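Below, each chain spelled out in residue letters.
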Amino acid sequence: MTTKVITGNEAAAIAAKLARVQVIAAYPITPQSPVVESLSAWVESGEMPAEFVTVESEHSALTVCITASTVGARVFTATSANGLAYMNEQVWWAAGARLPIVMCIANRAMAAPWNVLNDQQDSMSERDAGWIQLYCRDNQEILDTTVQAYRIAERLNVPVMVCYDGFLLSHTVMPVDVPSAEQIDAFLPPRTDPLQIVDAADPRNIGPVTIADPRADADGVVRPGYMEFRALHHGALLDALEVIPEVDAEYAAAIGRSWGGLTWEYQLADADVAVIAAGSLTTQLTLAVEALRAEGVRVGVLGIRSYRPFPAAEMRARLAGKKLAVVFDKALSYGYEGPIAGDLKAALFTAETPPAVFGCICGLGGRDVSPENLADATRRAITDLDAGVRDRAPEWINLRPEGSAS
Amino acid sequence: MSAHQVSQSRPSVGEAGATGDWRNEAPFIVAATCVAVKLGKITCQICWSYCPDACISQGMPPVIDLTYCKGCGICAEVCPHHAIGMRAEAEHGVCTTDEGGAE
């Protein structure tokens, strides 16, 4: 183990190298590009024995990963924003074909209008595509989670997006402990049991036409219909609720660091109020909590690591007895509310005495959001609750009146 | 997880089921017009090479397997001798109203 002062993108690239990926296919897009530039350099120098396939688009990048994964390779790609949107068709294919692909997402705002800065609209918009989505709070977690993601993906045959905030993490340096190759080799053995191998001597159609009802295949075996495959896939995502914490615990045993599995908390045990987010925003929330605690407000952080599967039961348990949950979303389901806020309200519907859930929209397109802003929004939410408010429209943090420059 | 839990199949005749029942129009070959029949040898066979579902066999004339033909009509389009036609699978009824609409 050595400590390096590196960006989130470098942490992601080092993790892919430590995972001994065999095929990388990627198309450059800000703020992801340095990830695959690093990998490209290592492949070119011979430092990394892998195939780097240059492609003309993100759609082709993921397609190459799909085909390589289909024949048993461990594969990696990374993208952001409109690049991810351009992949969309293959995002669904990778999941439906049950391929253990790992893709890093340096979260960036979606165009139009063009914006290269951070929010989480890109990956949150892929919520329902059948991938596992893990969000990272700092560069160390990016490295550790990307390695863990291969073990999760290969255990469940479900692809994993490792999401981290563009620029805030992707281009910001911080100390990161880099495990040795031997440590990671012991934790993550080569992919030994690929589900699908296309062998010229025994050819296969992958993802063939699968109609509504189960039907006997050419060998007389009754094969699932489309709906059965979807139920199996959903079951794998639900199994991930157990596998993600298991793998985190195994990583802790092997490497010595744990990230808490599905969710984590900070000063939440005795809190009346929970502040909730995913990604680097949670690091800022810990600072907001310290400021509020200094004023005597009993508040704590509930950080979301796994957004899909959504850890509904775990969040219900962590929020038992709380009066208020303030959710900070860096994404929006247009015409409704922030995606985490909406999902959390559904998760709490069966709670005995659920807390009020107040959503906030913040940081869209890189709009600055400081720990002071988060503390202020929490104070306003508490004031509303004390005034008897049980539900309210999302508050837009730092939204400026038209024409106001600052 | 078993291999049967992912969607895959061995290439074979009809691995997507009896897709002939997807068809609205069925192709038919007029043997007397087919150049292979007229020349008495396996020639042309353009319909066979263009069929996207591989359900035409080479022959004099070629043979269309209607168990799997989806009725796309490409064979009828590409036949240089216009020996292949398409006919409706069923006569569709015409909707009439009490006011005596379209007949």
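Given the structure is predicted, the values throughout are model-derived calculations rather than measurements.

A. Examining the overall build of chain B more closely. When helices and strands are tallied, chain B shows three helices and five strands. Listed N to C, the secondary structure of chain B is β-β-α-α-β-β-α-β in terms of helices and strands. Looking at chain B as a whole, 23% of its 103 residues are labelled buried.

B. The arrangement of the sheet that holds strand β2 (residues 23-26) of chain A in detail. Residue and element names in this part refer to chain A. Spatial ordering of the open sheet is given by β3-β2-β4-β5-β7-β6-β15, a layout of seven strands whose pairing is mixed. The open sheet has two edge strands with one neighbour each: β3 (51-54) and β15 (306-308). Put simply, the sheet's adjacent strands are angled 20° from each other on average, direction ignored. With six bridges connecting them, strand β5 (residues 102-107) and strand β7 (residues 160-165) associate as parallel partners. Bridging across to β7, Ile105 finds its partner in Cys163. Lying on the sheet, helix α7 (residues 139-156) is in contact with β5, β6 (132-135) and β7; it crosses β7 at an angle near 165°.

C. Just the sheet that holds strand β16 (residues 324-329) of chain A, in detail. Residue and element names in this part refer to chain A. Taken together, six strands build an open sheet; the order of strands is β12-β14-β13-β16-β17-β18 and the sheet is mixed. Across the chains shown, the open sheet's two edge strands, defined by having one partner strand only, are β12 (263-266) and β18 (395-396). Judged from the six bridges that link them, β16 and strand β17 (residues 356-361) form a sheet pairing that is parallel. The partner of Phe328 across the bridge, within β17, is Cys360. Against the sheet, helix α10 (residues 281-294) makes contact with β12, β13 (273-278), β14 (299-304) and β16, and its axis sits at roughly 170° relative to β14, the strand it touches most. Strands in contact with helix α12 (residues 339-348) are β13, β14, β16 and β17; relative to β16, the strand with the most contacts, it is inclined by about 150°.

D. Broad picture of the interface of chain B and chain A. Taken together, the 14 residues of chain B in the interface contact 22 residues of chain A. Strand direction decides the pairing type here: strand β9 (residues 205-206) of chain A and strand β1 (residues 8-9) of chain B, joined by two bridges, are antiparallel. Looking at β1 of chain B, one finds that Ile206 of chain A is bridged to Gln8 of chain B.

E. Structural detail: the environment of Asn82 of chain A. Residues and elements named next belong to chain A. Looking at where Asn82 falls in the secondary structure, it is placed in helix α4 (residues 81-86). Separated by 32 residues in sequence, Asn82 and Trp114 place their C-alpha atoms 9.5 Å apart. If we skip the residues at most four places from it in the chain, Asn82 touches Met110 and Ala111.

F. Expanded view of the packing of α10 of chain A against helix α13 (residues 371-386) of chain A. Residues and elements named next belong to chain A. Following both chains from N to C, one finds α10 and α13 inclined at 60°, their axes separated by 8 Å at the closest point. Here α13 runs oblique to α10, going by the angle between their axes. For the element pair α10 and α13, the recorded crossing hand is right-handed. Facing α10, whose interface residues are Gln284, Leu285, Leu287, Ala288, Ala291 and Leu292, α13 presents Pro371, Leu374, Ala375 and Thr378. Here the residues of the contact of α10 with α13 are counted per class, giving eight nonpolar, two polar and no charged.

G. Region of interest: the nonpolar core. Counting residues in hydrophobic clusters, the biggest one holds 125 residues, and the most contacted among them are Val160, Val162, Val275, Ile276, Val326 and Val327 of chain A. Ranked by the residues each element gives to this core, the list is headed by α7 of chain A, at eight residues. Formed jointly, this core draws a minimum of three residues from each of two domains, domain 1 (2-187) and domain 2 (263-396) of chain A. Apart from residues no more than four positions distant in its own chain, Val327 of chain A is found in contact with Ile276, Gly338, Ile340, Ala341, Leu344, Val357, Gly359 and Cys360 of chain A. The next biggest cluster of nonpolar side chains, apart from the first, holds 16 residues, and it includes Ile29, Cys34, Val37 and Ile64 of chain B.

H. Quick peek at the pairing of β5 of chain A. Residues and elements named next belong to chain A. Among the six residues in β5, six count as buried, and that is most of the element. Of the two faces of β5, both are covered, the one formed by Val102, Cys104 and Ala106 as well as the one formed by Met103, Ile105 and Asn107. Where strand β4 (residues 75-79) lies against β5, four bridges are found, and the strand directions are parallel. Looking at the pairing, Ala78 lines up with Cys104 of β5.

Cut-offs used in this document
Residues numbered from 1 in each chain as written. Chains lettered and ligands numbered in written order. Predicted model: local features only at pLDDT ≥ 70, side-chain atom pairs only at ≥ 80, totals over all residues. Helix = DSSP H or I, 4+ residues; strand = E, 2+ residues; numbered from the N terminus. Buried ≥ 20, exposed ≤ 12 C-beta atoms within 10 Å, placed from the backbone. Pairing = 2+ DSSP bridges. Axes fitted to C-alpha atoms, helices over the stretch in contact; angles between N-to-C directions. Contact = placed C-beta atoms within 7 Å. Parallel < 35°, antiparallel > 145°, perpendicular 65-115°, else oblique. Left-handed = near helix turned anticlockwise from the far one by under 90°. Nonpolar A, V, L, I, M, F, W, Y, C, P; charged D, E, K, R; others polar. Core = buried A, V, L, I, M, F, W, Y, C linked by C-beta atoms within 7 Å. Domains from an automatic or database assignment.

Structural measurements only, silent on function.
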